[in-house]
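Notes for the structure review
What follows is the residue order along each chain.
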Amino acid sequence: MATFKLNINGKEQEVDVDPSTPVLWVLRDHLNLVGTKYGCGIAQCGACTIHLNGTATRACMLTVSSVGNSEITTIEGLSEEGDHPVQKAWLEVDVPQCGYCQAGQIMTASALLEKNPNPSDEEIEMAMNGNICRCGTYTRIKKAVKLAAKS
Ligand code: FES
Ligand code: FES
């Protein structure tokens, strides 16, 4: 066990965990930030996507000892009231079906638009490619990313 001071959603958080613990489990089991989901545990589905210094990152393969004081943002910290432009577009297009993958989808889409506010269809497809949706909401995801880009 070791003590880590983490910068999560703009707040310092201290946790005592094994250094090899993935950030996903620190968020969910130690800090009750359960919006970040577990899907595969091997960086293949995108359900656990967070922002690490603004870049979409899989929390299931990111050890707590590797993040230092990097800025971590989870779905809970993306906006105060759930009103980030991507979240608003998601609501307007009514993207989710079961919802399980959607926090990860939104985190990937918001990181994309932060770096590239006006992505082409191909750029959207490339950025969202690693986020799997078992309900097949891909068409609506693409539509919502474009809507968010316009706003
Ligand atoms: S749970 Fe992390 S990518 Fe699937
Ligand atoms: S909405 Fe069900 S897995 Fe994506």
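From a predicted model like this one, the values you see are computed outputs, not experimental measurements.

**Details of helix α3 (residues 102-115)**
Its 14 residues give α3 an end-to-end C-alpha distance of 20 Å, which sits within 8% of 20 Å, the value for a rise of 1.5 Å per residue. Burial of α3 is extensive: 12 of the 14 residues sit out of reach of the surface. Of the residues making up α3, those classed as buried are Gln102, Ala103, Gly104, Gln105, Ile106, Met107, Thr108, Ala109, Ser110, Ala111, Leu112 and Leu113. For α3, the elements touching its buried residues are β3 (49-52), β4 (55-58), α2 (85-93), α4 (121-128) and α5 (138-150).

**Regarding the environment of Ala89**
With respect to the element layout, Ala89 can be found in helix α2. C-alpha of Ala89 to C-alpha of Ala148: the two residues are 59 residues apart in sequence and 5.4 Å apart in space. For Ala89, the contacting residues outside a window of four places in its chain are Ala144, Leu147, Ala148 and Ser151.

**Remarks on the pairing of β3**
Of the pairings in the sheet, the one linking β3 to β4 comprises four bridges and is antiparallel in character. Residue Leu52 lies in a different strand from β4, and its bridge partner there is Thr55. If you look at the hairpin formed by β3 and β4, you'll find two residues sitting between the two strands, and Asn53 has a positive phi there, around 50°. Examined bridge by bridge, β3 and strand β5 (residues 71-73) share two bridges and lie antiparallel to one another. Counterpart to His51 in the pairing with β5 is Thr73.

Parameters and conventions
- Residues numbered from 1 in each chain as written.
- Chains lettered and ligands numbered in written order.
- Predicted model: local features only at pLDDT ≥ 70, side-chain atom pairs only at ≥ 80, totals over all residues.
- Helix = DSSP H or I, 4+ residues; strand = E, 2+ residues; numbered from the N terminus.
- Expected span 1.5 Å × (residues − 1).
- Buried ≥ 20, exposed ≤ 12 C-beta atoms within 10 Å, placed from the backbone.
- Contact = placed C-beta atoms within 7 Å.
- Pairing = 2+ DSSP bridges.

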